[in-house]
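Architecture at a glance
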Amino acid sequence: MDDRDGKIWMDGGLVDWRDAKVHVLTHTLHYGCGVFEGLRAYETPQGTAIFRLDDHTRRLFNSAKVLRLKVPFSLEEVIQAHKDVVRANNLKSCYIRPLVWVGSESLGVSSKGQTIHVMVAPWSWGTYLGEEGLAKGISVMVSSFTHHHVNATMTKAKSVSNYTNSILANREATDNGFDEAIMLDPTGYVSEGSGENLFVVSKGVVYTPDLSSGALDGITRNTVITLCGDLGLKVVEKRMTRDELYVADEVFFTGTAAEVTPIRAIDRIEIGAGSRGPITEKIQKAFFDVVHGRNAKYASWLSLI
Ligand code: PMP
């Protein structure tokens, strides 16, 4: 990904893609104390727009706050950086990755007194779990790895270090022929996917694990909860068990990368009819209408670049 044309916003300005580099003694590279976001820009009738840019940037700043990292730019400056870098790369639709990290002044464990850096990089990225996955559903396994506890590396923060847990679960799943993993919290209740929130449909009601499971407070999760209200679907946030998933009518993942992806099997047990369910399809359609600017009610969630 490093050897290509394009621009990356780094520490206050646009730099050539190939020059956006850090030193090998970068603190975050050694200890994982950094925070990031993932956003998408979509084509809309009004032009390219970044979905829920303000909310993602607020979450980035909150993640930094939790890890005691002082972002050396204002919220407004980082918001503008996203728009500038998408425009500079001539992208009509893309994934956007901002990152806040600790510099290379010292390699003591403490991040105190070290410089804090920010970058924003956009690139074209199609569906995360495949076009076929979006239409027909994916096959997932319940991971043997436990989701990290709410009082370990902090689950309100979308922090770099949290993703070792995700990578282990995802690798275990994909190396075993599954598309993705679901992790259980330290008490055995359902938490989330390696990079997605989870929803369950049972007897017409939509359920999702509450955030005490350590699941990320996902922006797509929040979007789906809001859209369920419009669709007349009741949503309940609660503790959920593994076997509740097996006997559900429908299960699906949400996330900026994964969008709304149906799950057709868990641990090789077919969910419902073993394909995308009708309620998942309705929610998916409502989601894509919003991100593509086809629902005027949510125009404020779209930031034109
Ligand atoms: N959980 C995890 C662990 C994630 O990495 C993501 C992706 N950011 C999500 C949930 C979904 O969050 P969002 O909808 O804000 O992208």
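Further up the page is the structure itself.
Residues numbered from 1 in each chain as written. Predicted model: local features only at pLDDT ≥ 70, side-chain atom pairs only at ≥ 80, totals over all residues. Heavy atoms only, no water.

Looking now at the packing of helix H6 (residues 219-230) against helix H8 (residues 278-291). Packed helices, taken two at a time, are described by the angle between their axes plus the distance between the axes. Close contact between H6 and H8 brings their axes to 10 Å; oriented N to C, the two are set at 110°. Accordingly, the angle class assigned to the pair H6 and H8 is roughly perpendicular. Regarding H6 and H8, the two cross each other, and that crossing is right-handed. In this structure, H6 uses Thr220, Thr223, Val224, Leu227 and Cys228 to contact H8, whose residues at the interface are Ile283, Ala286, Phe287 and Val290. Here the residues of the contact of H6 with H8 are counted per class, giving seven nonpolar, two polar and no charged. (Axes fitted to C-alpha atoms, helices over the stretch in contact; angles between N-to-C directions. Helix = DSSP H or I, 4+ residues; strand = E, 2+ residues; numbered from the N terminus. Parallel < 35°, antiparallel > 145°, perpendicular 65-115°, else oblique. Left-handed = near helix turned anticlockwise from the far one by under 90°. Contact = heavy atoms within 4.5 Å. Nonpolar A, V, L, I, M, F, W, Y, C, P; charged D, E, K, R; others polar.)

One pass over the structure, following the stated rule, counts 17 salt bridges. Ionic pairing is found between Lys156 and Asp217, a salt bridge with its closest N-O pair at 3.2 Å. Of the two residues, Lys156 sits in the loop between strand S8 (138-142) and helix H5 (163-175) while Asp217 sits in the loop between strand S12 (205-209) and H6, which places them 61 residues apart along the sequence. The class of Lys156 is exposed, set by a relative accessible area of 53%. Between Arg171 and Asp175 there is a salt bridge; the shortest N-O distance is 3.1 Å. Of the two residues, Arg171 and Asp175 both sit in helix H5, four residues apart, roughly one turn of that helix. (Salt bridge = Lys/Arg side-chain N within 4 Å of Asp/Glu carboxyl O. Buried < 20%, exposed > 50% of the residue type's maximum accessible area, 1.4 Å probe, protein only.)

Our focus in this paragraph is the environment of Ser144. On the secondary structure map, Ser144 appears in the loop between S8 and H5. Separated by 57 residues in the primary sequence, Ser144 and Val201 have C-alpha atoms spaced 24 Å apart. Within the structure, the side chain of Ser144 is placed 2.6 Å from the side chain of Glu172, a separation counted as a polar contact. (Polar contact = N/O pair within 3.5 Å; in protein donor to acceptor, adjacent residues only side chain to side chain.)

Look at helix H3 (residues 75-88): 20 Å from first C-alpha to last across 14 residues, which is about the 20 Å you get at 1.5 Å a residue. Burial in H3 covers these residues: Val78, Ile79, Ala81, His82, Lys83, Val85 and Val86. Looking one or two residues beyond H3, the residue adopting positive phi is Asn90, at roughly 55°. (Expected span 1.5 Å × (residues − 1).)

Turning to the layout of surface pockets, a few remarks are in order. What the second largest pocket holds in volume is close to 260 Å³. Together, 17 residues line the second largest pocket, and Asp55, Arg59, Lys156, Asp217 and Ile219 are the ones closest to its centre. Listed by contribution, the elements that provide at least two residues to the lining of the second largest pocket are helix H2 (53-66) and H6. A per-class count over the lining of the second largest pocket returns five nonpolar, five polar and seven charged. (1 Å grid on protein atoms, 1.4 Å probe; cavity = no way out; pocket = protein on both sides within 12 Å on 5 of 7 lines; lining within 4 Å. Points joined across faces, edges and corners; volume = space filled by probe spheres on them.)

With respect to spatial proximity, 15 residues lie near the ligand, and among them Tyr163, Glu192, Ile219, Thr220 and Thr256 are the closest. In this structure, a nitrogen atom belonging to the ligand sits 2.6 Å away from a side-chain N or O atom of Glu192. Between Ile219 and the ligand, the recorded distance is 2.7 Å, taken from a backbone N or O atom to an oxygen atom. When the ligand is considered free in solution it has 390 Å² of accessible area, and contact with the protein chains removes 94% of it. When its residues are assigned to classes, the shell around the ligand shows three nonpolar, eight polar and four charged. (Near = heavy atom within 4 Å. Areas by Shrake-Rupley, 256 points an atom, 1.4 Å probe, with all protein chains shown as cover.)

Together, Val24, Leu25, Tyr31, Leu107 and Val109 give the surface a local cluster of nonpolar side chains, amounting to about 460 Å² of exposed area. The topology assignment puts Leu107 in the loop between strand S6 (94-102) and strand S7 (116-123). (Patch = residues over 30% accessible without salt bridge, like charges linked within 9 Å, V, L, I, M, F, W, Y side chains within 5 Å.)

Here we take up the pairing of strand S2 (residues 13-16). Here strand S1 (residues 7-10) pairs with S2 via four bridges, running antiparallel. By the bridge assignment, Met10 is partnered in S2 with Gly13. Here S1 folds back onto S2, and the loop between the two strands holds two residues, one of which, Asp11, carries a positive phi near 50°. (Pairing = 2+ DSSP bridges.)

Functional significance is not addressed by these values, which are geometric in nature.
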